[in-house]
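What follows is each chain in one-letter form.
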Amino acid sequence: QFEQSSLQAIHQQRREMLSNVCSRYTRKRRLLQPDDLRHLVVDDTHGLLYCYVPKVACTNWKRVMMVLTGQGKYRDPLAIPAHEAHVPSNLRTLSEYSIPEINYRLRSYLKFVFVREPFERLVSAYRNKFTLSYNTAFHKRYGTKIIRRHRQHPSDRALERGDDVRFEEFVYYLLDPRTQQEEPFNEHWERVHSLCHPCIIHYDVVGKYETLAEDADYILQLVGADASVKFPVSSKTTRTTDDMTAQFFQDISPFYQRRLFNLYKMDYLLFNYSIPSYLRIR
């Protein structure tokens, strides 16, 4: 019981922090569009809405949601291949429902989101999408464009393959005004507040990557999930850490560090992350 009440207090603090920052920084409440709801996965069985954020344990959460919504078809989240967790037809999102159904679910379901230190998430996305040889779709779609715009004298090979984007070039791409004029950010580096709209949707639980296991258990208990449903505990040693993130930022000038921080500032404020000590923007 004690553990439950201390967890409740932590989550209460996170919600209060969120609503304080929202009231300080958002003047006008806008209405949600169906397009805003594409990241909200629905579990009608347990009355659950999950806003997924790439690079914040979202593959494992989607696996768990498939177990919860699968009517016994899946038992063990880890038995579901990662690629299958991302097949859109395997999970319903809130954007697929009618407006009355959407409003009903937003009012009465338990809503949760998981967040992560913003620059750690960004470096994790960069490492995953630009440094692994198998992500050729990202290299072609984004890498070639980044190299064409942000590298002086690129080789023909780099322009064609786009598979050796440097972190610094990725930062220039994010800060280039043309990038967001042409299209929204890819979900892997889009800000959480733009994916999940935490100032419009009132989340009941804001889980953190840093306390993933406890927060996941807490949510599964809250919705009365079957005791056999366990959130997979990752043993991955390749995960991006604070020290690793600091190394990536060593070569980024203070000028660009500050601009990048400003780009992700709302996520820092909303989810109560402090300015990383390795940044030179004081």
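Small disclaimer: the values here were computed from a predicted structure and weren't measured.

Caption draft 1: Fine view of unusual backbone geometry. Positioned with a positive phi, Ala57 is a non-glycine residue whose angle comes to about 55°. Locating Ala57 in the fold gives a position in the loop between β2 (48-51) and α2 (58-69).

Caption draft 2: Representation of helix α11 (residues 212-222) within the structure. All of the buried residues in α11 are Leu212, Asp215, Ala216, Tyr218, Ile219 and Leu220. Immediately downstream of α11, the backbone of Gly224 shows phi near 65°, a positive value.

Caption draft 3: Region of interest: the layout of surface pockets. Volume-wise, the second largest pocket comes out at about 360 Å³. For the second largest pocket, the lining is made up of 13 residues, of which Arg38, Pro184, Glu190, Ser194 and Leu195 are closest to its centre. Among the residues forming the lining of the second largest pocket, the class breakdown is 4 nonpolar, 4 polar and 5 charged. Here the lining of the second largest pocket gathers at least three residues from each of two domains, domain 1 (1-117 + 190-238) and domain 2 (119-188 + 240-271).

Caption draft 4: Broad picture of the packing of helix α5 (residues 118-130) against helix α8 (residues 167-175). In the contact formed by α5 and α8, the axes pass within 11 Å of each other and the chain directions differ by 115°. One finds that α5 runs roughly perpendicular with respect to α8. In this structure, α5 crosses over α8, and the sense of that crossing is right-handed. Each of Leu122, Val123, Tyr126 and Phe130 in α5 lies in contact with α8, whose residues at this interface are Phe167, Phe170 and Leu174. A class-by-class count of the residues in the contact of α5 with α8 yields 7 nonpolar, no polar and no charged.

Caption draft 5: Here's a closer look at empty space enclosed by the protein. For the coordinates displayed, the defined rule picks out 1 cavity of 30 Å³ or more. Its boundaries defined by the atoms lining it, the largest cavity holds a volume of some 40 Å³. What lines the largest cavity is simply Arg116, Pro118, Arg121, Val192, Tyr264, Asp267 and Phe271. Tallied by class, the residues present in the lining of the largest cavity amount to 4 nonpolar, no polar and 3 charged.

Caption draft 6: Expanded view of the nonpolar core. In this structure, Trp61, Phe119, Phe170, Leu174, Trp189, Leu260 and Tyr264 are the most contacted members of the largest nonpolar core, which totals 88 residues. Among the elements that make up this core, the one with the highest residue count is α2 (7 residues). With sequence-adjacent residues up to four places away left out, Leu260 is seen in contact with Phe119, Leu122, Val171, Leu174, Leu175 and Phe249.

Caption draft 7: Just the pairing of β2, in detail. Along β2, one buried face is formed by Leu48 and Tyr50 and the opposite face, lined by Leu49 and Cys51, is buried too. Bridge count between β2 and strand β4 (residues 110-115): 4 bridges; the pairing is parallel. Looking at β4, one finds that Leu49 is bridged to Lys111.

Caption draft 8: Main features of helix α4 (residues 99-108). Looking at α4, one finds that the buried residues are Ile102, Arg105 and Leu106. The arc that holds the buried residues of α4, viewed along the axis, is 100°, so those residues lie on one side. Facing away from the buried surface of α4 by more than 90 degrees, the exposed residues are Pro100 and Arg107. As for α4, its buried residues are in contact with β1 (40-43), β2 and β4.

Caption draft 9: Quick look at the pairing of β4. Most of β4 sits inside the fold, with 6 of its 6 residues counted as buried. Because side chains alternate across β4, one face comprises the buried residues Leu110, Phe112 and Phe114, and the other comprises Lys111, Val113 and Val115, equally buried. Of the pairings in the sheet, the one linking β4 to strand β5 (residues 205-208) comprises 4 bridges and is parallel in character. By the bridge assignment, Phe114 is partnered in β5 with Gly207.

Caption draft 10: Quick peek at the state of the cysteines. Per the counting criterion, the structure on display carries 2 disulfides. In this model Cys22 forms its disulfide with Cys199; the gap between the sulfur atoms is 2.0 Å. Looking down the S-S bond of the Cys22 and Cys199 bridge, the torsion is -85°, so its handedness is left-handed. Residue Cys22 is found in helix α1 (residues 2-25), and its partner Cys199 is found in the loop between α10 (192-196) and β5; the two are separated by 177 residues along the sequence. Two residues share a disulfide in this structure: Cys51 and Cys196, whose sulfurs sit 2.0 Å from each other. Between Cys51 and Cys196 the disulfide shows an S-S torsion of about -90°. By sign, it is left-handed. Note that Cys51 is positioned in strand β2 and Cys196 in helix α10, a separation of 145 residues in sequence. The same class applies to Cys51 as to Cys196, namely buried. Ordinal numbering of bonded cysteines along the protein chain defines a disulfide pattern of 1-4, 2-3. Unpaired in terms of disulfides, Cys58 finds its nearest cysteine sulfur in Cys51, a separation of 10 Å. The class for Cys58 is buried, based on a relative accessible area of 6%.

Reading guide: rules and limits
Residues numbered from 1 in each chain as written. Predicted model: local features only at pLDDT ≥ 70, side-chain atom pairs only at ≥ 80, totals over all residues. Heavy atoms only, no water. Helix = DSSP H or I, 4+ residues; strand = E, 2+ residues; numbered from the N terminus. Buried < 20%, exposed > 50% of the residue type's maximum accessible area, 1.4 Å probe, protein only. 1 Å grid on protein atoms, 1.4 Å probe; cavity = no way out; pocket = protein on both sides within 12 Å on 5 of 7 lines; lining within 4 Å. Points joined across faces, edges and corners; volume = space filled by probe spheres on them. Nonpolar A, V, L, I, M, F, W, Y, C, P; charged D, E, K, R; others polar. Domains from an automatic or database assignment. Axes fitted to C-alpha atoms, helices over the stretch in contact; angles between N-to-C directions. Parallel < 35°, antiparallel > 145°, perpendicular 65-115°, else oblique. Left-handed = near helix turned anticlockwise from the far one by under 90°. Contact = heavy atoms within 4.5 Å. Core = buried A, V, L, I, M, F, W, Y, C linked by side-chain atoms within 4.5 Å. Pairing = 2+ DSSP bridges. Arc of directions from axis to C-beta. Disulfide = S-S within 2.5 Å.

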